[in-house]
Amino acid sequence: MPAPTQGGDSRIVNALTIDVEDYFQVSAFAPHIARADWPNIPCRIERNIERILAMLDQHGVKATFFTLGWIAERHPEIVRRIVAEGHELASHGYAHERATSQTPDAFLADIQLAKIVLEDISGGETKGYRAPSFSVGTTNRWAPACIEQAGYMYSSSIYPIAHDHYGMPDAPRFAYTSFGKLLEVPLTTVRLFRKNWPAAGGGYFRLLPYALSRWCIGHVNAVDKQPAIFYFHPWELDPEQPRVSGISRKTRFRHYVNLDRMEERLRKMLRDFAWGRADEVFLGRSQIPAG
Ligand SMILES: [Zn+2]
């Protein structure tokens, strides 16, 4: 195993990203909560976004918010706050439908609608897109063409790992041109023992000790000499969220493990490394290889 790297490489700015959706919209709950019921469930997104914005302000960090069109329509004030505070507003699609479960036409319509909604509210251009549950992979290689056609400049939708719900283990690990002019920024992995290991956040970040996440990001900065891209969700900072019943033991564990420790861990991570918006970290960099 390579020598561990302590803390971060202060010369590399990593991209901090937040997938703006409420707890009842996560893909793992889709079999248990119908989309038609979403409007009847009390939202917790506002208070959680407030908390995130305050935390980022305290640490002097700007981030990218991949926001659902569905959320933006109902909470335009959230969108305006994100933009007013200097963060990047990006798209997480409209209705949080996995790209793998849609036809190319339906997928294109969803991501075009999200872009229109977000740009209407914010008054600015939405350059970035992230597919729900990183659902661009080997079974829908047509997706990058749709993302480019919808007018996005970059995507962060591919996780180059093997996972039961998503992943494209043979995809490049770092930013590459995936179709036409579209830049794909894959979620960060660490390459060890001839395998890619997830190092971009989510359940892994909550489950495993923070020291391991810190080692991974430091390793990517110091050894790969690349910026990392990290993601989390507003509901991950909300231990009091209502519990969803009828879900499998695995889903329950993945969703609820260590929610009460998330904010403290994030704050450590914000202190240990340099962070910025994904558009500022990745767009305009030279010498990005074609995939
Ligand atoms: Zn999502």
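The structure contained in this document is the topic of the report that follows. Only a predicted model underlies this, so the values are computations on that prediction, with no experimental measurement involved.

Thresholds applied
Here the residue numbers are simple positions, counted from 1 along each chain's written sequence. Reporting in this predicted model follows two pLDDT cut-offs: at least 70 for local features of residues, and 80 or more for side-chain atom pairs to be given and counted; totals over whole chains, interfaces and linings ignore these cut-offs and use all residues. Just so you know, side-chain values use all the structure's heavy atoms and leave hydrogens and water out. Comment: elements are numbered from the N terminus, with helices defined as DSSP H or I runs of at least four residues and strands as E runs of at least two. Here's how the labels work: a residue is buried when its accessible area is under 20% of the maximum for its type, exposed when over 50%, partly exposed in between, all with a 1.4 Å probe on protein chains only. Between two residues, a contact is recorded if the distance between any of their heavy atoms is within 4.5 Å. Only C-alpha atoms enter the line fits that serve as axes; for helices the fit covers just the stretch in contact. Angles between N-to-C directions range over 0 to 180 degrees. Just so you know how the angles are binned, under 35 degrees is roughly parallel, over 145 roughly antiparallel, 65 to 115 roughly perpendicular, and the rest oblique. Each crossing gets its handedness from the near helix: less than a right angle anticlockwise from the far helix is left-handed, clockwise is right-handed. Residue polarity follows a fixed list, in which Ala, Val, Leu, Ile, Met, Phe, Trp, Tyr, Cys and Pro are nonpolar, Asp, Glu, Lys and Arg are charged, and the others, Gly among them, are polar. Joining through side-chain atoms within 4.5 Å is the link that ties buried Ala, Val, Leu, Ile, Met, Phe, Trp, Tyr and Cys residues into a set, and such a set is a nonpolar core. Patch definition: residues with relative accessible area over 30% and no salt bridge; like charges joined within 9 Å; nonpolar side chains (Val, Leu, Ile, Met, Phe, Trp, Tyr) joined within 5 Å. Residue-level accessible areas treat just the shown protein chains as cover; the underlying method is Shrake-Rupley with a 1.4 Å probe. The working definition used for a salt bridge is a side-chain nitrogen of Lys or Arg within 4 Å of a carboxyl oxygen of Asp or Glu. Distances decide who is a donor: an N, O or S atom must be within 2.8 Å of the metal, or within 3.2 Å for Na, K and Ca. Water is not included, so sites may look incomplete. Here a strand pair is declared whenever DSSP counts at least two bridges between the two strands.

1. Notes on the side chain of Gln241
Topologically, Gln241 is positioned in the loop between strand S10 (229-232) and helix H8 (249-256). Judged by its relative accessible area of 2%, Gln241 is buried. In contact with Gln241, other than residues within four places in its own chain, are Tyr23, Arg44, Trp235, His255, Tyr256 and Leu259.

2. Quick word on the packing of helix H7 (residues 210-224) against helix H9 (residues 262-272)
Remark: H7 packs on H9, axes separated minimally by 11 Å, with the N-to-C direction vectors making an angle of 30 degrees. Considered as vectors, H7 and H9 are oriented roughly parallel to each other. H9 is crossed by H7, and the crossing has right-handed handedness. Residues Tyr210, Arg214 and Ile217 of H7 form the contact with H9, whose participating residues are Arg265, Lys268, Met269 and Asp272. Across the contact of H7 with H9, the residue classes tally to three nonpolar, no polar and four charged.

3. A short note on the environment of Ile78
Secondary-structure assignment places Ile78 in helix H3 (residues 76-84). It is 17 Å that separates the C-alpha atoms of Ile78 and Asp238, two residues lying 160 residues apart in sequence.

4. Concerning the nonpolar core
One recurring pattern in soluble globular proteins: nonpolar side chains tend to sit buried together. Of all hydrophobic cores here, the largest spans 68 residues; its most connected members are Leu16, Phe65, Phe232 and Met269. Looking at this core, the element that brings in the most residues is helix H4 (residues 104-122), giving seven residues. Residues in contact with Phe65, not counting those within four places in the same chain, are Ile18, Val20, Ile49, Ile52, Leu53, Leu56, Ile82, His87, Glu88, Leu89 and Ala90. Core analysis: the second largest hydrophobic core is formed by 18 residues, Phe66, Tyr154, Tyr159 and Leu187 among them.

5. Structural notes on a nonpolar patch on the surface
Together, Leu207, Leu208, Leu212 and Phe253 make up an exposed nonpolar region whose accessible area comes to about 330 Å². According to the relative accessible area criterion, Leu207 is partly exposed, its value standing at 39%.

6. Looking at the coordination of the zinc ion
Coordination of the zinc ion by the protein involves Glu21 (OE), His92 (NE2) and His96 (NE2), with metal-donor separations of 2.0 to 2.1 Å. Between the donor residues of the zinc ion, the gaps in sequence give the motif E-x70-H-x3-H. Taken as a pair, Glu21 in the loop between strand S1 (13-20) and helix H1 (45-59) and His92 in the loop between strand S3 (88-91) and H4 lie far apart in primary sequence, 71 residues in all. Of the residues examined, Glu21 reaches a relative accessible area of 2% and is grouped as buried. Note on His92: relative accessible area 1%, which makes it buried.

7. Considerations on the pairing of S3
Of the two faces of S3, the one lined by Glu88 and Ala90 and the one lined by Leu89 and Ser91 are each fully buried. Where strand S2 (residues 64-67) lies against S3, four bridges are found, and the strand directions are parallel. Across the sheet, the residue bridging to Phe65 is Leu89, located in S3.

From the geometry alone we can't say anything about function, so treat these as descriptive.
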